[in-house]
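Inside the fold
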Amino acid sequence: MYPLSDKDFNYISSVVYEYARINLTDKKRALIISRLSKRIRALKMSSFTEYTDYLKNNPGGSEFQTMVDSLSTNYSLFFREPHHFDFLKETILKSYQKGELSIWSAASSTGQEVYSVLMTIREFSRENNKKIQYKLFASDISRKVLKKASSGTYDLQDVKNIPRPLLEKFFLKGSGDNSEMVKVKKDLIRDIKFFRLNLSDTSYQLPPMDVIFLRNAIIYFDQPTKIELIDRLHSYIKPGGYLILGHSESLSGISEKFKLIGKTIYKRIDL
Ligand SMILES: C[S@@+](CC[C@H](N)C(=O)[O-])C[C@H]1O[C@@H](n2cnc3c(N)ncnc32)[C@H](O)[C@@H]1O
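Residues numbered from 1 in each chain as written. Predicted model: local features only at pLDDT ≥ 70, side-chain atom pairs only at ≥ 80, totals over all residues. Heavy atoms only, no water.

Some points on the overall build of the chain
- A count of helices and strands for the chain gives ten helices and ten strands.
- For a compact globule of 271 residues, the expected C-alpha radius of gyration is about 18 Å, and the chain comes in at 20 Å, within 12% of that figure.
- Relative to its 271 residues, the chain shows a buried fraction of 50%.
- Once local pairs closer than 6 in sequence are excluded, the contacts in the chain between residues at least 24 apart make up 73%.
- Carbon and sulfur atoms form 52% of the exposed surface of the chain, whose accessible area is close to 13,900 Å². (Helix = DSSP H or I, 4+ residues; strand = E, 2+ residues; numbered from the N terminus. Rg over C-alpha atoms; globule rule 2.2 N^0.38 Å. Buried < 20%, exposed > 50% of the residue type's maximum accessible area, 1.4 Å probe, protein only. Contact = heavy atoms within 4.5 Å. Areas by Shrake-Rupley, 256 points an atom, 1.4 Å probe, with all protein chains shown as cover.)

Notes on the domain arrangement of the chain
- For the chain, the domain assignment lists domain 1 (6–71) and domain 2 (82–268).
- Each of domain 1 and domain 2 has a C-alpha centre, and these two points are 29 Å apart.
- Taken together, the nine residues of domain 1 in the interface contact eleven residues of domain 2.
- In this assembly, domain 1 packs against domain 2 so that about 870 Å² is buried in total across both faces, 48% of it on carbon and sulfur atoms.
- Summed over the three residues of domain 1 that lose the most area to domain 2, namely Y19, R21 and D69, the buried surface amounts to 49% of that side.
- Inspection of the region where domain 1 meets domain 2 yields zero salt bridges.
- Where the side of domain 1 that touches domain 2 is concerned, the elements lending two or more residues are α1 (6–20) and α4 (62–71).
- Per-element tally for the side of domain 1 that touches domain 2: the top contributor is α1, with three residues. (Domains from an automatic or database assignment. Buried area = accessible area lost by both parts, 1.4 Å probe. Salt bridge = Lys/Arg side-chain N within 4 Å of Asp/Glu carboxyl O.)

Describing the packing of helix α2 (residues 29–42) against α4
- Interhelical geometry of α2 versus α4 gives an angle of 140° and a closest axis separation of 10 Å. As far as their axial angle goes, α4 and α2 are oblique. Crossing hand, α2 versus α4: right-handed. Only E63, T66, M67, S70 and L71 of α4 make contact with α2, whose side of the interface consists of L31, I32, R35, L36 and R39.
- For the contact of α2 with α4, a count of residues per class yields five nonpolar, two polar and three charged. (Axes fitted to C-alpha atoms, helices over the stretch in contact; angles between N-to-C directions. Parallel < 35°, antiparallel > 145°, perpendicular 65-115°, else oblique. Left-handed = near helix turned anticlockwise from the far one by under 90°. Nonpolar A, V, L, I, M, F, W, Y, C, P; charged D, E, K, R; others polar.)

A few points about unusual backbone geometry
- Despite not being glycine, F79 has its phi angle at roughly 50°, a positive value.
- Of note, F79 is situated in the loop between α4 and α5 (82–95).
- Since its relative accessible area comes to 15%, F79 is described here as buried.
- For N216, which is not a glycine, the phi torsion comes out positive at approximately 60°.
- Inspection of the secondary structure puts N216 in the loop between β7 (209–214) and α10 (223–234).
- With a relative accessible area of 14%, N216 lands in the buried category.

Some words on the sheet that holds strand β3 (residues 153–155)
- Reading across from one edge, β3-β5-β4 is the order of the three strands in this open sheet, with antiparallel pairing throughout. Since the sheet does not close on itself, it has two edges, and those belong to β3 and β4 (171–173), each with one partner. Sheet twist, expressed as the average angle between the axes of neighbouring strands with direction ignored, equals 30°.
- Alignment of β4 against strand β5 (residues 181–184), held across three bridges, turns out to be antiparallel. Paired with K173 across the bridge in β5 is V182. (Pairing = 2+ DSSP bridges.)

Points about the sheet that holds strand β9 (residues 258–262)
- Reading across from one edge, β6-β2-β1-β7-β8-β10-β9 is the order of the seven strands in this open sheet, with mixed pairing throughout. Either end of the sheet is taken by a strand with one partner, and the two such strands are β6 (192–196) and β9. The average angle at which neighbouring strand axes cross in this sheet is 20°, direction not considered.
- As paired elements, strand β8 (residues 237–245) and strand β10 (residues 265–268) share three bridges and run antiparallel to each other. Its bridge partner lying in β10, I244 is registered against I265.
- Sheet strands in contact with helix α7 (residues 143–151) are β2 (133–140) and β6, and its direction is about 165° off that of β6.

Quick notes on the packing of aromatic side chains
- Taken as a whole and assessed by the stated rule, the structure comprises twelve aromatic pairs.
- Summarising the aromatic geometry, the rings of Y19 and F64 are spaced 5.2 Å apart at their centres and angled 75° between planes, so their arrangement reads as edge-to-face. With Y19 in helix α1 and F64 in helix α4, the pair connects residues that are 45 residues apart, well separated along the chain. Taken as a pair, Y19 and F64 share a single burial class, namely buried.
- Note on F137 and F195: the rings are 6.5 Å apart at their centroids and 85° apart in plane angle, and the pair reads as edge-to-face. With F137 in strand β2 and F195 in strand β6, this residue pair connects regions lying 58 residues apart in the sequence. For the pair formed by F137 and F195, the shared burial category is buried.
- By way of ring pairs, the aromatic residues F78, Y115, Y154, F171 and F194 are connected into one cluster.
- Here the guanidinium or amino end of K56 rests over the ring plane of Y11, the centre of that ring lying 4.8 Å away. (Phe/Tyr/Trp six-rings, centres within 6.5 Å; stacked < 30°, edge-to-face > 60°. Lys NZ or Arg CZ within 6 Å of the ring centre and 35° of its normal.)

Here is the structure:
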């Protein structure tokens, strides 16, 4: 581990904030030291100052993106917070009649969330003999996680909470050197549009959504960023559509344009 001066800490936290709106407060000092010391070692540098000088001399270079990737939390799980998938089934899919259902996983990380949505739709459709037209979008600021998401490749360990029948139906098991891996079947991967998107950008071209999953992302943003982002996302949700947050997130004090209708499930209010 390398020592981190206030000057280097302030530089790193300000450039990360400027780019991704990820708020690296003083509490994250230890995280910066542990994660970026690995980068300093990998680049054969000898200090944080050498590292920050390198970033300053290579603005927008690949190390900047690698640094943001190293400092962001990409943890995800299949069927994480299962009540959201129950809600999708019991409320959204049950009431679906016609047209195209648009769902966006807006901080998708390595894809577990969007594949869980897709498996839920496919299973509901089969069990209820109901044809559902849908469009699924998955985006993240990190190209690295998107690459993994769109490859659909996971360790056996990552898929242990997928019910066995779904695992057998929607995944292929690796063999030989890949015997500890599974891969999402191609026709599922093809159903999802993966793309890089920085949520702090002020506008994006997307169709109006029935549901946005924005789970376990705003927790890393400060209050002004949350307010601005939620206000913007409101305009991307169809009237009566839903915004779904993560387990420790809330819109309290952030927006009055949504009504809480379930555990971390919000419905767009139309006045
Ligand atoms: C903890 S993961 C959440 C994954 C998934 N939604 C879940 O709940 O399991 C948070 C993700 O937010 C992404 N992220 C952070 N800042 C972002 C930004 N400004 N724009 C888009 N994605 C961002 C990170 O790259 C990371 O993959």
